[in-house]
Amino acid sequence: MGNDALIGLVGKPSSGKSTLLNSLTDATAKTGAFPFTTIDPNKATGYLQIDCACARFGKQDLCRPNYGSCKDGKRYVPIMLLDVAGLVPGAHEGRGLGNKFLDDLRHADALIHVVDSSGTTDAEGKATAGYDSLQDVEWLRSEILRWIEGNLKVKWGGIKRRHVSTKSTAVETLRNQFSGYGATGQLVQRALDRSKVTAPLESWDDDTIEHVVSAFVDEKFPTILALNKIDHPDADRCIYRIQRTHPEIPTVLTSAKTEVFLRRLRKQKYIYYEEGASEFITKLEDTEQQYDLREIEDERLQERIDQIRDMVFYRWSDTGILRALQEAARALNLVAVFTVRNIHTFSNNTDGSSSAGVFRDCILVRQGTTVGSVLRKTMGDIPVAFIEGLDGMRVSKDATVDYKKNDILCFKMSR
Ligand SMILES: Nc1nc2c(ncn2[C@@H]2O[C@H](COP(=O)(O)OP(=O)(O)OP(=O)(O)O)[C@@H](O)[C@H]2O)c(=O)[nH]1
Ligand SMILES: [Mg+2]
């Protein structure tokens, strides 16, 4: 998983998945206040905000990312997002768009479960009032579990026989079964460790299988909640209930619709706004005319702006959408690794000069990934003589990466 880390947006119909995708990317996925607006998945590039290595060395002015951007040490690294069709209770048995939805998700590395916290849509995404969205948090996970469990159990007899006859380990057998989800042996091993199941695979009963699948889902699909539609006056009730009942699940409060709207106003030059910031400025506040903004003459537009200030910014501080990506990246333990051609100047020029900027390349990998694996992801099979870390110190291929540890690397090619 290099920068091709894929974050899936999941949730019941009409919770705001496509709106969240649009708010995080340049996508223009169709949105609508009726269930199953999305049928085929939408993939688009979002930008994860991280602390760039340039700020550690006071080189913000020289930082020139090849992909994404960097402003004053805040770097925006591309990350792929996938918005899929809505999921309804019973999807694993084919209800709604059932298995199609679930199949589209196979290759996601983490999930953002978009929850409609306004209480205005039921479990099927139909308009209602006072719905308790806490239920959605619970059944959604269970649908994913039952889908994977179902796929495994239909073949269990054969899986068991082959496991015994080939004298395979549990990791080998499960890796074969879970390869369709892009699972590696390491991931399966982590899932088994998490499950604490040590009994031989051929003796597993239904409960044990369920337990192992649950651990696999936790490892394969780390999930965070985006409690969306916080601009709605009833949202606080639902937010309180979910956070109290599930303090173990990371949550972010979002208003995807507000973010989309503010970005549109910015394009039309009505406001100055930076993605995810905790304020925006209209011509009224721009007393020194720094931003060359248009006057808001439409009363209804002014009312909507006032309402957003009151319901989102005053109550919740921001639209939350950037933090949703950051939380997902944290759940995945993603670390940014910077690869440079010259470890002393951090440039990519062969002569070491910074004329074309510094820290041009950056990839996202999981914490604990080995330096050798970063090498393969960035250089493929090109032979490398040795690897340098900060101050030109040699780094072994077996060393692992973490924030501020082996996260700036220089691969020296063989001549
Ligand atoms: N008030 C409010 N409405 C929102 C917000 N986000 C999305 N919506 C509205 O919710 C409705 C559904 O949004 P979509 O983004 O189409 O929802 P979806 O989850 O992609 O729905 P399906 O594709 O049908 O599964 C639309 O009318 C959106 O405008 C939000 O933050 N606040
Ligand atoms: Mg949609």
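Just above sits the structure.
What counts and what doesn't
Residues numbered from 1 in each chain as written. Chains lettered and ligands numbered in written order. Predicted model: local features only at pLDDT ≥ 70, side-chain atom pairs only at ≥ 80, totals over all residues. Heavy atoms only, no water. Pairing = 2+ DSSP bridges. Helix = DSSP H or I, 4+ residues; strand = E, 2+ residues; numbered from the N terminus. Axes fitted to C-alpha atoms, helices over the stretch in contact; angles between N-to-C directions. Near = heavy atom within 4 Å. Polar contact = N/O pair within 3.5 Å; in protein donor to acceptor, adjacent residues only side chain to side chain. Areas by Shrake-Rupley, 256 points an atom, 1.4 Å probe, with all protein chains shown as cover. Donors = N, O, S within 2.8 Å, 3.2 Å for Na, K, Ca; no water. Buried < 20%, exposed > 50% of the residue type's maximum accessible area, 1.4 Å probe, protein only. Parallel < 35°, antiparallel > 145°, perpendicular 65-115°, else oblique. Left-handed = near helix turned anticlockwise from the far one by under 90°. Contact = heavy atoms within 4.5 Å. Nonpolar A, V, L, I, M, F, W, Y, C, P; charged D, E, K, R; others polar. Core = buried A, V, L, I, M, F, W, Y, C linked by side-chain atoms within 4.5 Å. Domains from an automatic or database assignment. Salt bridge = Lys/Arg side-chain N within 4 Å of Asp/Glu carboxyl O. Arc of directions from axis to C-beta.

Novice: Just to check I follow, could you spell out the sheet that holds strand β12 (residues 384-388) for this structure?
Specialist: The strands making up a sheet associate through backbone hydrogen bonding, with each pair oriented either parallel or antiparallel. The mixed open sheet is built from four strands, whose spatial order is β11-β10-β13-β12. At either end of the open sheet lies a strand with only one pairing partner, and these are β11 (361-366) and β12. Shown here is a sheet whose adjacent strand axes are inclined to one another by a mean of 35 degrees, direction ignored.

Novice: What is the right way to read unusual backbone geometry from this model?
Specialist: Comment: phi is negative for the bulk of residues other than glycine, and the bulk of peptide bonds are trans. Non-glycine residue Q289 carries a positive phi angle of around 50 degrees. Topologically, Q289 is positioned in the loop between β9 (281-282) and α11 (299-316). A positive phi angle, near 60 degrees, is found at D391, a position not held by glycine. Residue position: D391 is located in the loop between β12 and β13 (408-413).

Novice: Could you clarify how one ought to interpret the site of ligand 1 in this entry?
Specialist: What surrounds ligand 1 is a group of 23 residues, the closest being K17, T19, F36, T37 and D231. Within the side chain of K229, one N or O atom sits 3.2 Å away from an oxygen atom of ligand 1. In this structure, A256 approaches ligand 1 through a main-chain N or O atom, which is 3.1 Å from an oxygen atom. In the complex, the protein chains occlude 91% of the 660 Å² of accessible area that ligand 1 would expose alone.

Novice: Would you mind showing me how to read the coordination of the magnesium ion (ligand 2) here?
Specialist: In an ideal octahedron of six donors the angles at the metal are 90 or 180 degrees, and in an ideal tetrahedron of four donors they are 109.5 degrees. Here the magnesium ion (ligand 2) is held by S18 (OG) and T38 (OG1), and the distances to it run 2.0 to 2.1 Å. Linking S18 in helix α1 (residues 17-24) with T38 in the loop between α1 and β2 (42-51), this pair joins segments that are 20 residues apart in sequence. For the pair formed by S18 and T38, the shared burial category is buried.

Novice: For this particular structure, what's the right way to read the packing of helix α5 (residues 156-165) against helix α6 (residues 170-178)?
Specialist: The geometry of a pair of packed helices is captured by two quantities: the angle between their axes and the separation between those axes. Closest axis-to-axis distance for the α5/α6 pair is 10 Å, and the angle between their directions is 140 degrees. Compared by their axis directions, α5 and α6 come out oblique. Crossing hand, α5 versus α6: right-handed. Where α5 abuts α6, its residues I159, R162 and H163 lie against A170, T173 and Q177. Its residues placed into classes, the contact of α5 with α6 shows two nonpolar, three polar and one charged.

Novice: Help me understand the nonpolar core in this model?
Specialist: I7, L20, I79, I112, F338, F359 and I408 are the most contacted members of the largest nonpolar core, which has 45 residues in total. With six residues, the top contributor of residues to this core is helix α12 (residues 321-331). Two domains each put at least three residues into this core: domain 1 (6-41 + 84-245) and domain 2 (50-78 + 333-415). Excluding residues that lie within four positions of it along the chain, I112 makes contacts with I7, G8, L9, V10, L20, I224, A226, A324 and A328. Grouped together as the second largest cluster of nonpolar side chains are 40 residues, I148, V171, Y181 and V188 included.

Novice: Any chance you could explain the environment of M379 here in plain terms?
Specialist: Relative to the elements of secondary structure, M379 occurs in helix α13 (residues 371-379). In this structure the C-alpha to C-alpha distance between M379 and F411, which are 32 residues apart in sequence, comes to 8.6 Å. Once residues within four sequence positions are removed from consideration, M379 is found in contact with V384, F411 and M413.

Novice: In this structure, what is going on with the pattern of salt bridges? I would like to understand it.
Specialist: Tallied over the full model, the rule gives 20 salt bridges. Linking R315 and D236 is a salt bridge whose minimum nitrogen-to-oxygen distance equals 3.9 Å. One end of the pair, R315, is in helix α11; the other, D236, is in helix α9 (residues 235-245), and 79 residues separate them in sequence. In this structure R315 comes out as partly exposed when scored by relative accessible area, which is 30%. Of the residues examined, D236 reaches a relative accessible area of 37% and is grouped as partly exposed. Here D318 and R323 are joined by a salt bridge, their closest N and O atoms 2.4 Å apart. By relative accessible area, R323 is classed as partly exposed at 34%. Each of R141, R190, R194, D218 and E219 takes part in salt bridges that share partners, so that together they form one network.

Novice: Honestly, α1 in this entry has me stumped. Any pointers?
Specialist: Within an α-helix, residues lying three or four positions from one another point in the same direction, as the helix has 3.6 residues per turn. Summarising burial for α1: eight of the eight residues are buried, a large majority. Looking at α1, one finds that the buried residues are K17, S18, T19, L20, L21, N22, S23 and L24.

Novice: I tried to follow helix α7 (residues 185-195) on my own but got confused; where do I start?
Specialist: All buried positions along α7 are accounted for by G185, L187, V188, A191, L192 and S195. Viewed along the axis of α7, the buried residues span an arc of 160 degrees, placing them on a single side of the element. On its buried face, α7 sits against α6 and α8 (206-220). One or two steps after α7, the chain reaches K196, where phi turns positive at roughly 60 degrees.

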